[in-house]
Amino acid sequence: MKSNIATLLVSSVLATATINAQADADNANQYRYLEAAVAYQSTDWGPFSEETNATFLASIDFLKYVHAHARYNNGDTHLPKGYQQDGWLTYGIGAHYFISPNTSLLVTADRHELGSNNKKPDETAREYRVGIRHDLNAQWRLTFEAGEHDLIVGPDSTFIFETVYSYNENLGGSFRVRDYDKLDLSSYELGFRYSF
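Only a predicted model underlies this, so the values are computations on that prediction, with no experimental measurement involved. (Residues numbered from 1 in each chain as written. Predicted model: local features only at pLDDT ≥ 70, side-chain atom pairs only at ≥ 80, totals over all residues. Heavy atoms only, no water.)

**Regarding the packing of aromatic side chains**
No. 1: Throughout the structure, instances matching the rule amount to six aromatic pairs.
No. 2: Ring plane angle 35° and centroid distance 5.7 Å describe the contact between Tyr-65 and Tyr-97, whose orientation is recorded as tilted. Here the residue Tyr-65 occupies a position in the loop between β2 (51-62) and β3 (66-74), and Tyr-97 occupies one in strand β4 (residues 85-100), the gap between them amounting to 32 residues.
No. 3: Here a set of aromatic residues connected by ring pairs shows up, and it is made of Trp-140, Tyr-165 and Tyr-167.
No. 4: One cation-aromatic arrangement involves Arg-193 over Tyr-33; the distance from NZ or CZ to the ring centre is 3.7 Å. (Phe/Tyr/Trp six-rings, centres within 6.5 Å; stacked < 30°, edge-to-face > 60°. Helix = DSSP H or I, 4+ residues; strand = E, 2+ residues; numbered from the N terminus. Lys NZ or Arg CZ within 6 Å of the ring centre and 35° of its normal.)

This is how it looks when you write it as structure tokens:
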């Protein structure tokens, strides 16, 4: 009886280790990529028109469950309270955990640095998000994140939906919708991604 229980425990541990190792092997590049995208930023605030600009993203993972990421948007979109964007840098750190070979949960803490293109002072802010990332198959990946930030308009909600199509192990395309509630800004981003 004791040997059966020991065999069952050892088998369970080995099966769990195999599943986790398979998740690491299958999704080794979920958090390691460089991306260049075109962003169409749409504001619902004021009489301002939409703007198209460039966005660059990067992410790298380390220590198995931690990743660092950055995003730079090179635009001059008009924002509430008289701000006109002159470059928007976001960078931060996150933690992720695979709950299955194809699905990971993530939490991030970011800092925003928004340059102002007019007499308004540059703005800095914090953002915290939680999300889920899932590989539907070898080609398609979906990510959904929700969070809170305090950029320009005080406490506000952020929602991000992203889909990535992988042509092969390293190259792919992405489509992302980034929405800020009180900031009244929606960004639609179409990009080219290199995963490593």
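**Some thoughts on the pattern of salt bridges**
No. 1: If you walk through the whole model with that rule in mind, you get 14 salt bridges.
No. 2: A salt bridge links Arg-193 to Glu-35, with the shortest nitrogen-to-oxygen separation between them at 2.8 Å. Of this pair, Arg-193 sits in strand β10 (residues 185-195) while Glu-35 sits in strand β1 (residues 33-43); the two residues are 158 residues apart in sequence, bridging distant segments of the chain. Of the two residues, Arg-193 and Glu-35, both sit in the buried class.
No. 3: The residue Glu-189 makes a salt bridge to Arg-71 at a minimum N-O spacing of 2.7 Å. Here the residue Glu-189 occupies a position in strand β10, and Arg-71 occupies one in strand β3, the gap between them amounting to 118 residues. Neither Glu-189 nor Arg-71 differs from the other in exposure class; each is buried. (Salt bridge = Lys/Arg side-chain N within 4 Å of Asp/Glu carboxyl O. Buried < 20%, exposed > 50% of the residue type's maximum accessible area, 1.4 Å probe, protein only.)

**Things to note about the sheet that holds strand β7 (residues 140-149)**
No. 1: With antiparallel pairing, the ten strands of this closed barrel are ordered in space as β1-β2-β3-β4-β5-β6-β7-β8-β9-β10. Adjacent strand axes in the sheet meet at a mean angle of 20°, parallel and antiparallel pairs treated alike.
No. 2: Pairing between β1 and β2: nine bridges, direction antiparallel. Among the inter-strand pairings, Gln-41 is bridged to a residue of β2, identified as Glu-51. (Pairing = 2+ DSSP bridges. Axes fitted to C-alpha atoms, helices over the stretch in contact; angles between N-to-C directions.)

**Things to note about the environment of Asp-179**
No. 1: Among the structural elements, Asp-179 can be located in strand β9 (residues 171-180).
No. 2: Looking at Asp-179, the relative accessible area reads 27%, which means it is partly exposed.
No. 3: Along the backbone, Asp-179 and Ala-146 are 33 residues apart, and their C-alpha atoms lie at a distance of 9.6 Å.
No. 4: Apart from the residues within four sequence positions on either side, Asp-179 is in contact with Ser-157, Thr-158, Phe-159, Leu-185 and Ser-186.
No. 5: Polar side-chain contacts of Asp-179 include one of 2.5 Å to the side chain of Ser-186. (Contact = heavy atoms within 4.5 Å. Polar contact = N/O pair within 3.5 Å; in protein donor to acceptor, adjacent residues only side chain to side chain.)

**Brief notes about the pairing of β2**
No. 1: In terms of strand pairing, β2 meets β3 through nine bridges, oriented antiparallel. By the bridge assignment for β3, Ala-58 is matched with Ala-70.
No. 2: Here β2 folds back onto β3, and the loop between the two strands holds three residues, one of which, Leu-63, carries a positive phi near 55°.

**Some thoughts on empty space enclosed by the protein**
No. 1: Summed over the entire model, instances satisfying the criterion amount to one cavity of 30 Å³ or more.
No. 2: Considering only enclosed or pocket space, the largest cavity measures out at about 290 Å³ in volume.
No. 3: Forming the walls of the largest cavity are 23 residues, and the residues nearest its centre are Tyr-33, Leu-57, His-69, Arg-129 and Glu-145.
No. 4: Those elements giving two or more residues to the lining of the largest cavity turn out to be β2, β3, β5 (103-116), β6 (123-135), β8 (156-166) and β9.
No. 5: Counted by class, the lining of the largest cavity contains eight nonpolar, six polar and nine charged residues. (1 Å grid on protein atoms, 1.4 Å probe; cavity = no way out; pocket = protein on both sides within 12 Å on 5 of 7 lines; lining within 4 Å. Points joined across faces, edges and corners; volume = space filled by probe spheres on them. Nonpolar A, V, L, I, M, F, W, Y, C, P; charged D, E, K, R; others polar.)

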